[in-house]
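Here are the chains, one letter per residue:
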Amino acid sequence: MLVLDCLVEIQGKSNKIKFTYANSIKVTASIRNLTDTATVVLPRKMSMKGKKLNEFVKRGDKISIQVGYLDIDSQNIFNGYITSVSSETPIKIEAENEMWKLKQITVNPTRYDKFKLKDFLSEHAPDVELVMPENIEFGEVIIQEETTVAKVLDYLKQNYPFNAFFDGKKMIAIMLTSQLQNSKEIKFKKGLNIISDTLKYTLADDVNIQIVAKSILSDNTKLESKKGDTKGEVRTFYAPEYKTQKELDQYAQKMLDTYKADKMSGDFTAFGIPFVKKGDKALLYDDDNKERNEKKFIADAIVYDYGFGGYRQVVTLGDEIK
């Protein structure tokens, strides 16, 4: 019989606390979101040296979470910083990953003729190691009022074909998930290590989407290209590297072909082993649904759910790897 195992470590300014038990632990990690989050619920009567825990644990303290099975497999699922500690019982600790630090760094109003992410981070967050392919380009970026590094990153994500997330203390920036490096391939089979799923298969003809591509030339001329269903979901991309209407039209069509394709979406719930991280590749097998066999997907998001009911991983599928 598998025995649950966990270790929660909190490092404050003057003390370090360790817990080997918790009522529940929930961690949400995603390559689509800037911030990963964690919630730890501890027993009702938890105290230290006769004082309430929230007198020792403070906002900004470092926290690491490890869960798994005793003597078999225990993995680190979260590193970050505490954002709140409840005063009521049971005690609830909320935390965010490295992105929390970037939410504390102020950026003054600035105009960038050609925004360079590496230079921006070197100036405002020099401790962040950035891994990014050189083909990601940004055009003019105007910061009109005081903001934070995290909000600038969110603006870039909303306006460019670009995505960024933290892997530990390292920031990964990509255009497409195919640019992910060093991700593991993990086999999942329904009835073996998949408990349940909400997966559904959608044909390309049923995918309603419109791609809007925009570019601004050096003389401030604005180019725009629209491809796809005008009544569908709209995805907008800024592509300053394309300088003619023809180039922008070709780019918009390429993005439409990428998104308007036969696809499987949804999530599946698995046991705690094998362990899967965001960005890993999930290779599926299902004897009852043969069309799923040997299809490989990026694990877009993982929810780790640990507690009295056991340890589960809920894996959300991302792009299929052909």
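A short tour of the structure in this document, coming up. (Residues numbered from 1 in each chain as written. Predicted model: local features only at pLDDT ≥ 70, side-chain atom pairs only at ≥ 80, totals over all residues. Heavy atoms only, no water.)

Observations regarding the overall build of the protein chain
Stated precisely, the cut-off is as follows: Only DSSP runs of H or I covering at least 4 residues are called helices, and only runs of E covering at least 2 are called strands; the numbering of each starts at the N terminus. The buried label applies to any residue whose accessible area, calculated with a 1.4 Å probe on protein chains only, is under 20% of its type's maximum; exposed applies above 50%, and partly exposed to all values in between. Only heavy atoms enter the contact rule, under which two residues are in contact if any of them lie within 4.5 Å. All accessible areas in this document rest on Shrake-Rupley with a 1.4 Å probe, and a residue is counted as covered only by the protein chains that are shown. Counting rule applied: Lys, Arg positive; Asp, Glu negative; His and chain ends not counted. One atom stands in for each charge, and that atom is NZ of Lys, CZ of Arg, CG of Asp or CD of Glu.
Helix and strand counts for the protein chain come out as four helices and 27 strands. Overall, the C-alpha framework of the protein chain stretches about 70 × 55 × 35 Å when taken along its three principal axes. Buried residues in the protein chain amount to 45% of all 322 residues. Counting only contacts in the protein chain whose residues sit at least 6 apart along the sequence, the fraction spanning at least 24 positions is 63%. Carbon and sulfur atoms make up 46% of the accessible area of the protein chain, which totals about 17400 Å². Computed over 49 positive and 47 negative side-chain charges, the inter-centroid distance for the protein chain is 4 Å.

A few points about the nonpolar core
As a rule of thumb, soluble globular proteins bury nonpolar side chains together. Short version of the rule: Here, nonpolar core refers to any group of buried Ala, Val, Leu, Ile, Met, Phe, Trp, Tyr and Cys residues whose side-chain atoms link them within 4.5 Å.
Residues I25, I63, I65, I77, F188, F268 and L284 are the most contacted members of the largest nonpolar core, which totals 43 residues. It is strand β26 (residues 295–307) that contributes the most residues to this core, five residues altogether. Apart from residues lying up to four places away in sequence, F268 is in contact with F188, I194, S196, D197, A282, L284, Q313, V314, V315 and L317.

With respect to the packing of aromatic side chains
Rules: Only Phe, Tyr and Trp rings are paired, with Trp represented by its six-membered ring, and only when their centres lie within 6.5 Å; those with planes under 30 degrees apart are stacked, over 60 edge-to-face, the remainder tilted.
If you walk through the whole model with that rule in mind, you get eleven aromatic pairs. Between F115 and F138, the aromatic rings sit 5.8 Å apart at their centres with planes inclined by 90°, giving edge-to-face as the arrangement. In this pair, F115 sits in the loop between β11 (110–112) and α2 (117–124) while F138 sits in the loop between β12 (129–131) and β13 (141–143), placing the two residues 23 residues apart along the sequence. We note that F115, like F138, is buried. Between F188 and F268 the ring centres are 4.9 Å apart and the planes differ by 55°, which places this aromatic pair in the tilted class. Here F188, found in strand β17 (residues 185–189), pairs with F268, found in strand β24 (residues 267–271); they are 80 residues apart in sequence, far enough to count as distant. With respect to burial, F188 and F268 carry one shared label: buried. A network of ring pairs unites the aromatic residues Y112, F115, F120 and F138 as a single cluster.

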